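Secondary and tertiary structure notes
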Amino acid sequence: HVRQLYALVSETLRYSPVLEKLLAGAALLQAEKKLPPQLAKVLVYDLLFGKGLKCGGRWKALARRHRARLEAELARLKVQQKVSRNEDLLAPVQAASPGASQVPRYVRVNTLKTCVDDVIDFFKRQGYSYLGKAASVEELRALCGKKFLLDLHLPELLVFPPQTDFHDNLLYTSGHIILQDKASCLPAFLLDPAAGSHVIDACAAPGNKTSHLAAILKNKGQIFAFDVDTKRLATMNTMLMRAGVTGFQLAQQDFLTVDPGDPKYSKVTYILLDPSCSGSGNVRGSVCPTWSRLWARGPQVMAALPAGMVNRLPREEAAPSAERLQALAGFQRKVLSHALSFPALQRLVYSTCSLHREENEDVVQAVLQEWGSAFRLVNAFPSWPCRGLAAFPRAECCLRASPADTLTHGFFVAVLERCGEGAAAPSSLPAAAENPEHGEGTAPGAAPRKRKRKKQRVK
């Protein structure tokens, strides 16, 4: 499974300095001269820190032959460094760059299955210290150890130190929490569809935003989700079922081929559009730092991995050329204009994980000019610190995000609303830093309501 593979290689790289000491102390590479060093690290990590060598064949048998020596070396290392837990062997995260190592672990509470208070209690029982609601981005930046905060902007988002791993946590595997970057939570939060609404998620896979929409709708309404990839849709369906999402229809279809005049979509009043983009805002490189580091270390590292693994690793793209940016922007303008043609549409959120003006402000400006006075740009989230580039009048109504300023992936969000009769009430979405909680039928920024503990408790 690609996600398990990513987690294994990512954690192996994180523990690399520790694994090098264990390999040296146990003299494993001297005893097994045909064992590639990088593969040795993966095997030893899975043997001592992971799930106990799920791989098969001769490598599994080879690693198990040296288990006693490796475990003894691990115990000696812990005594030497005066620690009791494996993770305490790791050096503290360095604050040198504002990239991947500095982006916290964001955990969105899935309110379809539980509530924030119960999840906080669960983590406290697991030994984490809850520090309350953050007052600033600097508090998020200072997080370390087993401490966590409630985010200062988004009401159902918990924040943990960078590289905290919850992939094996019961709350994650049961769908009670979603591991989702804060910036990626903004589109659904700002779209804020009213319960009972019909919503389109135009480019939906892998489904985190779709599940977020369902939580905001409280599973009351209908979500139409489109993607062209069969396997991504199958994975998305599994994820949505695990998250307790109901009232959704998945379609393997290019959104540009969807007929806005189809009676099925006559009640669609909200659209979330997160189209294909350059991915230049992703702090983990075009794909992620693990793969970037592997490719950067050259063929000797890749050769150490099992053959079937290498073909499934996503390559990191170079910076997009001007021609590719123009091609992407052309597609983005086309799909945004198509989304605005749905007759009952009242509000649309356009978002990308790109840093390039060509895919962001320029796209929004071109489509607004094309539609004349039919739609307007909403001043989204006035308290958000990073605004759109001054590419056209009112471009500051758009949002940007970055690792340095907001401790998130790079991101862009614009909120468009229909003008004229029957349009959604004018709004500045939302003043959530001051009034962070919003319930059914209230716009973000309204007075908070006390949460009711009606969801199933997590134990």
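Everything below is about the structure printed above this text.
Everything in this summary refers to the structure shown in the same document. (Residues numbered from 1 in each chain as written. Predicted model: local features only at pLDDT ≥ 70, side-chain atom pairs only at ≥ 80, totals over all residues. Heavy atoms only, no water.)

Points about the overall build of the chain
As a reminder, the rule being used: Secondary structure elements are taken from DSSP: a helix is a run of H or I of four residues or more, a strand is a run of E of two residues or more, and numbering for both begins at the N terminus. When a residue's accessible area, from a 1.4 Å probe over protein chains only, is under 20% of the maximum for its type it is buried; when over 50% it is exposed; and in between it is partly exposed. Note on definitions: a residue-residue contact is assigned when non-hydrogen atoms from the two residues lie within 4.5 Å. Accessibility throughout is a Shrake-Rupley quantity obtained with a 1.4 Å probe, and a residue counts as covered only by protein chains that appear here.
From N to C terminus, the chain includes 18 helices and 13 strands. Taking all 459 residues of the chain together, the buried fraction comes to 52%. The long-range fraction of contacts in the chain, counting pairs at least 24 apart against all pairs at least 6 apart in sequence, stands at 69%. Carbon and sulfur atoms make up 53% of the accessible area of the chain, which amounts to about 20,500 Å² in all.

A few points about unusual backbone geometry
Backbone torsion omega between Ala-205 and Pro-206 reads 10°, so that peptide bond is classified as cis. Its place among the elements puts Pro-206 in the loop between strand E6 (198-201) and helix H11 (208-217). One non-glycine residue, Lys-82, adopts positive backbone phi at about 60°. Assignment of secondary structure puts Lys-82 in the loop between helix H6 (67-81) and strand E1 (105-109). Here the phi dihedral of Phe-381 falls at roughly 50°; this positive angle occurs in a residue that is not glycine. Summarising the element assignment, Phe-381 is placed in the loop between strand E11 (375-377) and strand E12 (399-401).

Topic: the pattern of salt bridges
Quick reminder of the rule: What counts as a salt bridge is simple: a side-chain nitrogen of Lys or Arg found within 4 Å of a carboxyl oxygen of Asp or Glu.
One pass over the full model with this rule turns up 13 salt bridges. Arg-232 is paired through a salt bridge with Asp-227; the nearest N and O atoms lie 3.5 Å apart. According to the relative accessible area criterion, Arg-232 is partly exposed, its value standing at 39%. A network of salt bridges, in which partner residues are shared, links Arg-347, Arg-376 and Glu-417.

A look at the nonpolar core
The test is simple: We define a nonpolar core as any set of buried Ala, Val, Leu, Ile, Met, Phe, Trp, Tyr and Cys residues linked to one another through side-chain atoms lying within 4.5 Å. Segment limits for the domains were obtained from an automatic or database-derived domain assignment.
Ranked by internal contacts, the top residues of the largest apolar core, which has 51 residues, are Leu-140, Leu-186, Leu-190, Phe-381 and Leu-399. Each of domain 2 (105-179) and domain 3 (187-286 + 322-418) gives at least three residues to this core. Formed by 34 residues, the second largest nonpolar core is a distinct cluster that contains Phe-224, Val-335, Leu-348 and Ala-395.

Topic: the packing of helix H2 (residues 16-26) against helix H4 (residues 37-48)
Going by this rule: Convention adopted: a line fitted to C-alpha atoms gives each axis, helices being fitted over their contacting stretch, and angles between N-to-C directions are expressed from 0 to 180 degrees. Roughly parallel means an angle under 35 degrees; roughly antiparallel, over 145; roughly perpendicular, 65 to 115; everything else is oblique. Note on residue classes: Ala, Val, Leu, Ile, Met, Phe, Trp, Tyr, Cys and Pro are nonpolar, Asp, Glu, Lys and Arg are charged, and everything else, Gly too, is polar.
One can describe the packing of H2 onto H4 by two numbers: an axis separation of 10 Å at closest approach and a directional angle of 95°. Here H4 runs roughly perpendicular to H2, going by the angle between their axes. Of the residues in H4, those touching H2 at Ser-16, Leu-19, Glu-20, Leu-22 and Leu-23 are Pro-37, Ala-40, Lys-41, Val-44, Tyr-45 and Leu-48. Among the residues making up the contact of H2 with H4, the classes are represented as eight nonpolar, one polar and two charged.

With respect to the sheet that holds strand E2 (residues 129-133)
Put simply, the rule is: A pair of strands counts as paired when DSSP detects no fewer than two bridges linking them.
Strands sit in the order E2-E3-E4-E1-E5 across an open sheet of five strands; the sheet is mixed. Strand pairing shows two members of the sheet lacking a second neighbour, E2 and strand E5 (177-179), which therefore form its edges. This sheet shows a mean twist of 30° between the axes of neighbouring strands, independent of strand direction. Its contacts with the sheet put helix H7 (residues 116-125) on E1, E2, strand E3 (147-150), strand E4 (157-160) and E5, and the angle it makes with E4 is roughly 25°.

Things to note about H7
When we look at burial in H7, the residues that qualify are Val-116, Asp-118, Val-119, Ile-120, Phe-122 and Phe-123. Each element contacted by the buried residues of H7 is listed here: E1, E2, E3, E4, helix H9 (170-173) and E5. Just past H7, the residue Gly-127 takes up positive phi, approximately 100°.

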